[in-house]
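As a plain string of letters, each chain reads:
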Amino acid sequence: MHISQEQQNGIVVVAPRGRVDSTTASALDAHLMEVSKAAQPRIVVDFAEVEYISSAGLRVMLTLAKRVRDAKGALVICSLGDAVRQVFELAGFLPLFSIEGSRDGADRAVASR
């Protein structure tokens, strides 16, 4: 898995690529932990290039959501492919996150919070 990051207008966009599983979830967690340390973090996680996510990856996302909520920040997930969306859905996680279909939509959603 590779993780890219960019910042624009106070919004940090993190874009993992590849598989988010028990082998790679800790690297993503460490990266997101650093990003979420900001005061009132505004984060978009772009899943456009993630082909698979396991329960370990879901746990990372749940932990991130809690950290961002506690810091009174904003978190939006975007561009879930069908396989990744299905894992979120089967785990019952879709209602727990703000999810947008595109990066532009996610950027607008975070900016409006």
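Residues numbered from 1 in each chain as written. Predicted model: local features only at pLDDT ≥ 70, side-chain atom pairs only at ≥ 80, totals over all residues. Heavy atoms only, no water.

Student: What is the right way to look at the overall build of the protein in this model?
Tutor: What the protein contains, in helices and strands, is 4 helices and 6 strands. Secondary structure elements of the protein occur, N-terminal to C-terminal, as β-β-α-β-β-α-β-α-β-α. The C-alpha radius of gyration computed for the protein amounts to 13 Å, which stays within 12% of the reference 13 Å derived for 113 residues, consistent with globular compactness. Principal-axis analysis of the C-alpha atoms gives the protein an extent of 30 × 25 × 25 Å. For the protein, with 113 residues in total, the buried portion stands at 44%. Considering only contacts in the protein between residues 6 or more positions apart, those separated by 24 or more positions represent 66%. Roughly 6,000 Å² of accessible area belongs to the protein as shown, and the carbon and sulfur atoms make up 48% of that amount. (Helix = DSSP H or I, 4+ residues; strand = E, 2+ residues; numbered from the N terminus. Rg over C-alpha atoms; globule rule 2.2 N^0.38 Å. Buried < 20%, exposed > 50% of the residue type's maximum accessible area, 1.4 Å probe, protein only. Contact = heavy atoms within 4.5 Å. Areas by Shrake-Rupley, 256 points an atom, 1.4 Å probe, with all protein chains shown as cover.)

Student: It is not clear to me how the pattern of salt bridges should be interpreted in this structure. Could you clarify?
Tutor: Side-chain pairs of opposite charge can arise whenever the charged atoms involved come near each other. By the definition in use, this model includes 7 salt bridges. A salt bridge links arginine 67 to aspartate 29, with the nearest nitrogen and oxygen atoms 2.9 Å apart. With arginine 67 in helix H2 (residues 55-70) and aspartate 29 in helix H1 (residues 25-35), the pair connects residues that are 38 residues apart, well separated along the chain. The exposure class of aspartate 29 is partly exposed, given its relative accessible area of 24%. Ionic pairing is found between lysine 66 and aspartate 70, a salt bridge with its closest N-O pair at 2.8 Å. Taken together, the residues lysine 66 and aspartate 70, both in helix H2 and 4 residues apart, mark about one turn of the helix. Accessibility expressed as a relative area gives 44% for lysine 66, which makes it partly exposed. Using a relative accessible area of 48% as the deciding quantity, one classes aspartate 70 as partly exposed. (Salt bridge = Lys/Arg side-chain N within 4 Å of Asp/Glu carboxyl O.)

Student: Help me understand the side chain of threonine 24, please; the structure alone is not making it clear to me.
Tutor: Position of threonine 24 among the secondary structure elements: in the loop between strand S2 (11-20) and H1. Look at threonine 24 and you get buried, because its relative accessible area is 14%. Reaching out from threonine 24, the side chain makes a polar contact with the backbone oxygen of arginine 19 at a distance of 2.8 Å. For threonine 24, the contacting residues outside a window of four places in its chain are Met1 and Arg19. (Polar contact = N/O pair within 3.5 Å; in protein donor to acceptor, adjacent residues only side chain to side chain.)

Student: What exactly am I supposed to notice about helix H4 (residues 103-111) here?
Tutor: Every α-helical turn comprises 3.6 residues, leaving residues that sit three or four positions apart pointing alike. Taken together, the buried positions of H4 are occupied by Gly105, Ala106, Asp107, Ala109 and Val110. In this structure, the buried side of H4 is in contact with S2, strand S3 (42-46), strand S5 (74-78) and strand S6 (98-100).

Student: Sorry if this is basic, but what is going on with the nonpolar core here?
Tutor: For soluble globular proteins, the rule of thumb is that nonpolar side chains tend to be buried together. Judged by nonpolar contacts, the single largest core of 26 residues is most densely connected at Phe47, Met61 and Phe88. Broken down by secondary-structure element, the contributors of at least two residues to this core are S2, H1, S3, strand S4 (49-53), H2, S5 and helix H3 (82-90). In terms of residue count, H2 provides more of this core than any other element does, 7 residues in total. With residues near it in sequence (within four places) discarded, methionine 61 still touches Leu32, Val45, Phe47, Ile53, Ile77, Phe88 and Phe97. Grouped together as the second largest cluster of nonpolar side chains are 9 residues, Ile11, Val13, Val44 and Val110 included. (Core = buried A, V, L, I, M, F, W, Y, C linked by side-chain atoms within 4.5 Å.)

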